[in-house]
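What the coordinates show
Spelled out from the first residue to the last, the chains are:
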Amino acid sequence: MAPTEETLSPDADGVPTTAQAPKDASAQSARMPRWLPRAMVLALALVACYRLATWAFDQLTGLLLNVLIAFFLALAVEPAVDRMAARGVRRGLATGLVFLGILIGAAGFFTLLGSMLADQIMTMVQDFPKYLDQVVSWVNDTFHTRLSRLEIQDSLLHSDWLQSYVKNSADNVLDVSTQVLGGLFKLLTVTLFAFYFAADGPRLRRALCSVLPPNRQTEVLRAWEIAVAKTGGYIYSRGLMALISGAAHYILLESLGVPYAPALAVWVGLISQFIPTIGTYLAGALPMLIAFTVNPWYAIWVLVFVVVYQQFENYLLQPRITARTVDIHPAVSFGSVIAGTALLGAVGALIAIPATATLQAFLGAYIKRYDVTDDPRMHGRTRRRGASALARVRHALSRRS
């Protein structure tokens, strides 16, 4: 017979017993717990869901940003749509009329600028030899050199960097075309979402409030109303700064004798205010180009004026106007723009101020405020210790007498 694994051991009474029980306990302790496989599967499923959600968010970031821009654009045009709807115009038709007016204005403006820019480029190409002669003459007179325009033109046309630049530009034509088509598609997406948000604003609010209790519905409607008011105030402040900027640049361009001064002033005002981050540089480049056709030194004057006015606007004009129209502290306004740019880039810079103003006004209703004590330090004055000690001495003497 095969030997068994059981062994006999005497108990306290001397009766032999088996030693199987300790072996079964060790086997059970080495066996995997029943909950461990399910926990591992659940952990793997959570990791997979997290990776899938992260991937989906990365893929949809562009769409979410377009929707966010469209939402704030709809808030900006909603007051005009509400006024037209209150007069009996259907909301969809009123929204279409508002967007049609914006489209016609933008198309007319850019058509005028395009024709103006084409004329000036042709003028610059025709007068380029004259400009080059002026530059060469100034260099020869200043530095006592003997440069020739023909030699400079020949060296430029046959230079390696110019040929490589032309070759790279030809190779990048497809990339530029793709970027232009992508930009047009994004503009169409933003416009469609903004149209739907503005036209179906009441329906969207009803759908949102239908899943909330009555007390939450009141808060949502109040937040929506605050957002409309703050966004409208932000658009008004930007329009006012565009008007001031356009007037200032018009005076400069008209005094220098630069052609198309009114159109250039409107260009500078609109582009510098409604295109964040790079709007100032795009706005100043075109007047500099046109001023160069009149006199190369005028372009330098325009550049200096653009830089100086931008500093004046950033540190003095914009904080004061924003504080009055959006009701937000200048420091908070400046910090919100920096934070928005760091988080969302140009989109964050564009919507940072109305979003911060809306959040500040909404949270202000839930912050309990108290009466401020009548202390000189509240008014920016320090308490004079010597004067207070003298007052106490006088008070003590008056009590003794």
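Right, let's walk through the structure included here. (Residues numbered from 1 in each chain as written. Predicted model: local features only at pLDDT ≥ 70, side-chain atom pairs only at ≥ 80, totals over all residues. Heavy atoms only, no water.)

Right, let's get into the overall build of the chain. If you tally the helices and strands in the chain, you get 16 helices and two strands. Here the chain holds 401 residues, and the buried ones make up 25% of them. Contacts spanning at least 24 positions in sequence make up 62% of the contacts within the chain whose residues lie at least 6 apart. Looking at the chain as shown, the accessible area adds up to about 27,900 Å², and 67% of this sits on carbon and sulfur atoms. (Helix = DSSP H or I, 4+ residues; strand = E, 2+ residues; numbered from the N terminus. Buried < 20%, exposed > 50% of the residue type's maximum accessible area, 1.4 Å probe, protein only. Contact = heavy atoms within 4.5 Å. Areas by Shrake-Rupley, 256 points an atom, 1.4 Å probe, with all protein chains shown as cover.)

Another point: the packing of helix 9 (residues 201–209) against helix 10 (residues 214–256). Axis separation between helix 9 and helix 10 bottoms out at 10 Å; the angle between their running directions is 150°. In terms of axis orientation, helix 9 runs roughly antiparallel to helix 10. Relative to helix 10, helix 9 is oriented so that their crossing is right-handed. On helix 10, the residues that touch Leu204, Arg205, Leu208 and Cys209 of helix 9 are Gln217, Val220, Leu221 and Trp224. Among the residues making up the contact of helix 9 with helix 10, the classes are represented as six nonpolar, one polar and one charged. (Axes fitted to C-alpha atoms, helices over the stretch in contact; angles between N-to-C directions. Parallel < 35°, antiparallel > 145°, perpendicular 65-115°, else oblique. Left-handed = near helix turned anticlockwise from the far one by under 90°. Nonpolar A, V, L, I, M, F, W, Y, C, P; charged D, E, K, R; others polar.)

The next point concerns the packing of aromatic side chains. Taken as a whole and judged by the stated rule, the model has ten aromatic pairs. A centroid spacing of 6.2 Å and a plane angle of 35° characterise the contact between Phe193 and Phe197, whose relative ring orientation is tilted. One end of the pair is Phe193 and the other is Phe197, both in helix 8 (residues 173–199) and four residues apart, which spans about a single turn. Exposure remark for Phe193: the relative accessible area of 28% places this residue in the partly exposed category. Look at Phe305 and Tyr309: their rings are 6.2 Å apart centre to centre, the planes differ by 15°, and that puts the pair in the stacked class. (Phe/Tyr/Trp six-rings, centres within 6.5 Å; stacked < 30°, edge-to-face > 60°.)

This part takes up the side chain of Arg91. Checked against the element boundaries, Arg91 lands in helix 4 (residues 91–126). Sequence-distant contacts of Arg91, defined by excluding residues within four places in its chain, comprise Glu78, Val81, Asp82, Ala85, Ala198, Ala199, Gly201 and Pro202.

This next bit is on the pattern of salt bridges. One pass over the full model with this rule turns up four salt bridges. Between Glu78 and Arg91 there is a salt bridge whose closest N-O contact spans 3.7 Å. Here the residue Glu78 occupies a position in helix 3 (residues 61–86), and Arg91 occupies one in helix 4, the gap between them amounting to 13 residues. Judged by relative accessible area, which is 16%, Arg91 ranks as buried. A salt bridge links Glu78 to Arg205, with the nearest nitrogen and oxygen atoms 2.8 Å apart. (Salt bridge = Lys/Arg side-chain N within 4 Å of Asp/Glu carboxyl O.)

What follows concerns the nonpolar core. In terms of nonpolar packing, the biggest core is built from 19 residues, with Leu113, Val258, Leu264, Trp267, Leu286 and Val302 touching the most fellow members. If you list the elements that add at least two residues to this core, you get helix 4, helix 10, helix 11 (261–274), helix 12 (279–294) and helix 13 (296–325). No other element matches the six residues that helix 11 contributes to this core. Setting aside residues no more than four positions away along its own chain, Val302 makes contact with Leu252, Leu253, Leu256, Pro287, Met288 and Ala291. Of all hydrophobic cores here, the second largest spans ten residues; its members include Ala70, Ala74, Val98 and Ala194. (Core = buried A, V, L, I, M, F, W, Y, C linked by side-chain atoms within 4.5 Å.)

In this section: unusual backbone geometry. One non-glycine residue, Tyr260, lies in positive phi territory at about 55°. Within the secondary structure, Tyr260 is located in the loop between helix 10 and helix 11.

A separate point is helix 11. Between the first and last C-alpha of helix 11 there are 20 Å, a value that for 14 residues agrees with the 20 Å anticipated at 1.5 Å per step. Across the 14 residues of helix 11, ten count as buried, placing the element largely inside the fold. All of the buried residues along helix 11 are Ala261, Ala263, Leu264, Ala265, Trp267, Val268, Gly269, Ile271, Ser272 and Gln273. (Expected span 1.5 Å × (residues − 1).)

Turning next to the side chain of Glu78. By relative accessible area, Glu78 is classed as buried at 4%. A polar contact is formed between the side chain of Glu78 and the side chain of Arg205, at a distance of 2.8 Å. Engagement of the side chain of Glu78 in a polar contact is seen with the side chain of Trp224, the distance being 3.5 Å. In this structure Glu78 touches Arg91, Arg205, Trp224 and Val228, once residues within four positions along its chain are discounted. (Polar contact = N/O pair within 3.5 Å; in protein donor to acceptor, adjacent residues only side chain to side chain.)

Right, let's talk about the environment of Tyr315 for a bit. By the secondary structure assignment, Tyr315 is in helix 13. Take Tyr315: its relative accessible area is 58%, and that puts it in the exposed class. For the pair Tyr315 and Phe334, spaced 19 residues apart in sequence, the C-alpha separation works out to 9.2 Å.

Judged by side-chain polarity, Trp138, Phe143, Trp297, Ile300, Trp301, Val304 and Val308 come together as a nonpolar surface patch covering roughly 820 Å² of accessible area. For the nonpolar patch, the element with the highest residue contribution is helix 13, accounting for five residues. The exposure class assigned to Val308 is exposed, which follows from its relative accessible area of 53%. (Patch = residues over 30% accessible without salt bridge, like charges linked within 9 Å, V, L, I, M, F, W, Y side chains within 5 Å.)

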